[in-house]
Amino acid sequence: MKKIYFIIGTLSNGGAERVVSNLSLRLKDNIEREIILFGHDARIDYPYKGKLSYLDQYKEKNMVQKVCILIKRIIFLRKIKKRNPDAIFVSFLEYPNLLNILSGYNYNSIVSVRNFMSVKYKNGLKSYFWNQTIKRLYNYSKKVVAVSEQIKYDLIENYQLNKEKIEVIYNSYDINRIQKLAGEELTDEEKLIFENPTIITVGRLDYQKGQHHLIKAFSYVKEKIPNSQLIILGDGDLKEDLITLSDKLNIANNVHFLGFQKNPFKYIARSKVFVLTSYYEGFPNALAEAMACKVPVISTDCPSGPREILAPGKLNENINYGINKNFYGVLIPTFNEKNYENMEKHLSKIICNLITDEKLNRFFAKRSLERVKDFDINKVVKEWENLL
């Protein structure tokens, strides 16, 4: 029986973690699977199938300790590989990828790249470190799995990775399960929110996701649709800043920070529109999952993923932003320092259109479901099984 090890920090609060969950649940039964986490206190919010194991229970406090812990983890993982020379080791995200490659036996090591790295790591010592590890180490792996064609191009052009090693496999979604979870009941307090037209976004509360732009755009929406509501799902370092911004704009009573939710779908499915305001992505799970909930979506045309999802076949073309019925959702330019105020107002107008025009809302709801079927888990898992 073939054995697969998945290497990842936790099984909570992230797109990569959800992909590991989905793969562990849906791979063929003749494939033994084991998930390696970093510590016994690692959060587990997503379902999984197979054995769980842990590298250690170390806590990093300073740079010296981090280096020591890295070395210990490499040695421990190498021992696991030595005991299982025929197993495949698949890692997700930069730190697990580093462990996977440095622990050797790279003829069976697969790393997964899930972000547009040249944008994510632009400046600073940390960026220099991760850029060098990608450039100097990833070619030693058996395969590099990129979650979008744009990421593959980025790895070839900016990191000189061997294009023959790179396989593009899009993220997968259990559409039937998502739609089942979408039907779960809300609390009475939550139901009150959805008595009004509701906008929703899902993601870590950090700079990458650009939620501050959505909050500002929502302040304009509220001028046109006074009873409108904004739900923000997710946790992160910027939560207090975003709450303060809502207070400053006098919209705090209409902005609901509901934190990380094991089942975000019951909120998404009851919303009028989903909005993604990221500066960069890999292949945005939250966007595709909103589409599986049959909700119209708006997204920045950030690298990478949104254009491949909403405007397939237009990757290298100039496109007209805004409401385009040939697309599967609405693409807007990525926010920058020069245009962000005008773009926030532009975004607010599109949101208002999708809320007030029921026919248009139903059209893009139908387009959402139509497109996301291309990423159904049964189809994508077969691609992983062929690779493994």
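Scroll up a little and you will see the structure.
Residues numbered from 1 in each chain as written. Predicted model: local features only at pLDDT ≥ 70, side-chain atom pairs only at ≥ 80, totals over all residues. Heavy atoms only, no water.

### With respect to unusual backbone geometry
The following threshold applies: Helix and strand assignments come from DSSP, with helices taken as H or I runs of at least 4 residues and strands as E runs of at least 2, each series counted from the N terminus. Summary of the burial criterion: residues with accessible area below 20% of their type's maximum are buried, those above 50% are exposed, and those between are partly exposed, where the area comes from a 1.4 Å probe applied to protein chains only.
In this structure, the amide linkage connecting Pro-303 to the following residue, Ser-304, adopts the cis form with an omega of -5 degrees. Turning to its location among the elements, Ser-304 is positioned in the loop between strand 12 (297-300) and helix 13 (306-310). Backbone geometry places Leu-93, a non-glycine residue, at a positive phi of 85 degrees. Its place among the elements puts Leu-93 in the loop between strand 4 (88-92) and helix 3 (94-102). Look at Leu-93 and you get partly exposed, because its relative accessible area is 31%. The residue Asn-250 is not glycine, and still its phi comes out positive at about 60 degrees. Asn-250 sits in the exposed class, given a relative accessible area of 67%.

### Let's talk about the packing of helix 3 against helix 5 (residues 125-137)
The description of two helices packed together rests on the angle between their axes and the distance between the axes. The line we're drawing: Axis definition: a line fitted to C-alpha atoms, over the contacting stretch in the case of helices. Angles run 0 to 180 degrees between N-to-C directions. Under this scheme an angle from 65 to 115 degrees is roughly perpendicular, one under 35 degrees roughly parallel, and one over 145 degrees roughly antiparallel; angles in between are oblique. Crossing handedness is read from the near helix: turned anticlockwise from the far helix by less than a right angle, it gives a left-handed crossing, and turned clockwise, a right-handed one. Contact between two residues is taken to exist if any of their heavy atoms lie within 4.5 Å; hydrogens are not considered. Ten residues, namely Ala, Val, Leu, Ile, Met, Phe, Trp, Tyr, Cys and Pro, are considered nonpolar, four, namely Asp, Glu, Lys and Arg, are considered charged, and the remaining ones, Gly among them, are considered polar.
As a packed pair, helix 3 and helix 5 sit with axes 11 Å apart at the nearest point and diverge in direction by 40 degrees. Between helix 3 and helix 5, the interaxial angle falls into the category oblique. Helix 3 and helix 5 meet at a crossing whose hand is left-handed. Contacts between helix 3 and helix 5 pair Glu-94, Tyr-95, Leu-98, Ile-101 and Leu-102 from the former with Phe-129, Trp-130, Thr-133 and Leu-137 from the latter. Grouping the amino acids of the contact of helix 3 with helix 5 by side-chain chemistry returns seven nonpolar, one polar and one charged.

### Some remarks on the sheet that holds strand 8 (residues 198-202)
Short version of the rule: Strand pairing follows a simple DSSP-based rule, namely that at least 2 bridges must link the two strands.
What the six strands build is an open sheet, ordered 10-9-8-11-12-13; its pairing is parallel. Strand pairing shows two members of the sheet lacking a second neighbour, strand 10 (255-259) and strand 13 (330-332), which therefore form its edges. With strand direction ignored, the average angle separating the axes of adjacent strands in the sheet is 20 degrees. Of the strand pairs in this sheet, strand 8 and strand 11 (residues 273-276) are connected by two bridges, and their pairing is parallel. Within strand 11, the position partnered with Ile-199 by the bridge is Val-273.

### Concerning the environment of Val-64
Among the structural elements, Val-64 can be located in helix 2 (residues 63-83). Sequence spacing of Val-64 and Leu-230 is 166 residues, and the spatial spacing of their C-alpha atoms is 43 Å.

### Things to note about the nonpolar core
Here is a general trend for soluble globular proteins: nonpolar side chains tend to be buried in one another's company. Applied cut-off: By nonpolar core we mean a set of buried residues, namely Ala, Val, Leu, Ile, Met, Phe, Trp, Tyr and Cys, connected to one another through side-chain atoms within 4.5 Å.
Counting residues in hydrophobic clusters, the biggest one holds 68 residues, and the most contacted among them are Tyr-138, Leu-155 and Phe-274. A per-element tally of this core places helix 12 (residues 285-292) first, with six residues. Sequence-distant contacts of Phe-274, defined by excluding residues within four places in its chain, comprise Ile-200, Thr-201, Val-202, Ala-286, Leu-287, Ala-290, Val-295, Pro-296, Val-297 and Ile-298. Ile-232, Val-273, Met-343 and Phe-364 belong to the second-largest nonpolar core, a separate cluster that totals 32 residues.

### A word on helix 6 (residues 149-159)
Formally: Summarising the geometry, the arc corresponds to the directions from the helix axis toward the C-beta atoms.
Ile-151, Asp-154, Leu-155 and Tyr-159 are the residues of helix 6 that are buried. In an axial view of helix 6, the angular spread of the buried residues amounts to 100 degrees, which keeps them on one side of the axis. The elements touched by buried residues of helix 6 are strand 5 (109-113), helix 4 (117-120), helix 5, strand 6 (143-146) and strand 7 (166-168). Just beyond helix 6, the residue with positive phi is Gln-160, at close to 55 degrees.

### A short note on the packing of helix 5 against helix 6
One way to put it is that helix 5 packs onto helix 6 with a least axis distance of 10 Å and a crossing angle of 90 degrees. The angle between helix 5 and helix 6 falls in the class roughly perpendicular. The residues of helix 6 that touch helix 5, namely those facing Asn-131, Ile-134 and Lys-135, are Leu-155, Asn-158 and Tyr-159. Tallied by class, residues from the contact of helix 5 with helix 6 come to three nonpolar, two polar and one charged.

### Describing the environment of Cys-293
If you trace the backbone, Cys-293 turns up in the loop between helix 12 and strand 12. Through-space distance from the C-alpha of Cys-293 to that of Gln-179 is 6.0 Å; in sequence the pair is 114 residues apart. Cys-293 has contacts with Ile-178, Phe-265, Ile-268 and Ala-269, leaving out every residue within four places of it along the chain.

### Details of the packing of aromatic side chains
The criterion, for reference: Within 6.5 Å between ring centres, the rings of Phe, Tyr and Trp (the latter by its six-membered ring) count as paired, and their orientation is classed by plane angle as stacked under 30 degrees, edge-to-face over 60, tilted in between. Counted as over-ring charges are cases with an Arg CZ or a Lys NZ within 6 Å of the ring centre that also lie within 35 degrees of the ring normal.
Per the stated rule, a full pass over the model turns up 12 aromatic pairs. Ring geometry for Phe-129 versus Trp-130: centroids 5.0 Å apart, planes at 75 degrees, classification edge-to-face. Put simply, the rings of Phe-6, Phe-92 and Trp-384 pair up and form one aromatic cluster. Lying over the aromatic face of Tyr-328, Arg-367 brings its terminal NZ or CZ to 4.0 Å of the ring centre. The ring of Tyr-328 carries Arg-371 above its face, with NZ or CZ at 5.9 Å from the centroid.

### A few points about the pattern of salt bridges
Stated precisely, the cut-off is as follows: Just to be clear on terms, a salt bridge is a Lys or Arg side-chain nitrogen sitting within 4 Å of an Asp or Glu carboxyl oxygen.
Under the counting rule described, the total for this entry stands at 17 salt bridges. For Glu-34, the salt bridge identified is with Lys-3, shortest N-O distance 2.9 Å. One end of the pair, Glu-34, is in strand 2 (residues 31-37); the other, Lys-3, is in strand 1 (residues 2-7), and 31 residues separate them in sequence. Neither residue differs from the other here; Glu-34 and Lys-3 are each classed as buried. Here Arg-26 ties to Asp-174 by a salt bridge, and the two come within 2.8 Å at their closest N and O atoms. Of the two residues, Arg-26 is situated in helix 1 (residues 15-26) and Asp-174 in the loop between strand 7 and helix 7 (175-182); the sequence distance between them amounts to 148 residues. For Arg-26, a relative accessible area of 31% corresponds to the partly exposed category. Given a relative accessible area of 16%, Asp-174 falls into the buried group. Salt bridges sharing common partners tie together Lys-3, Glu-32 and Glu-34.

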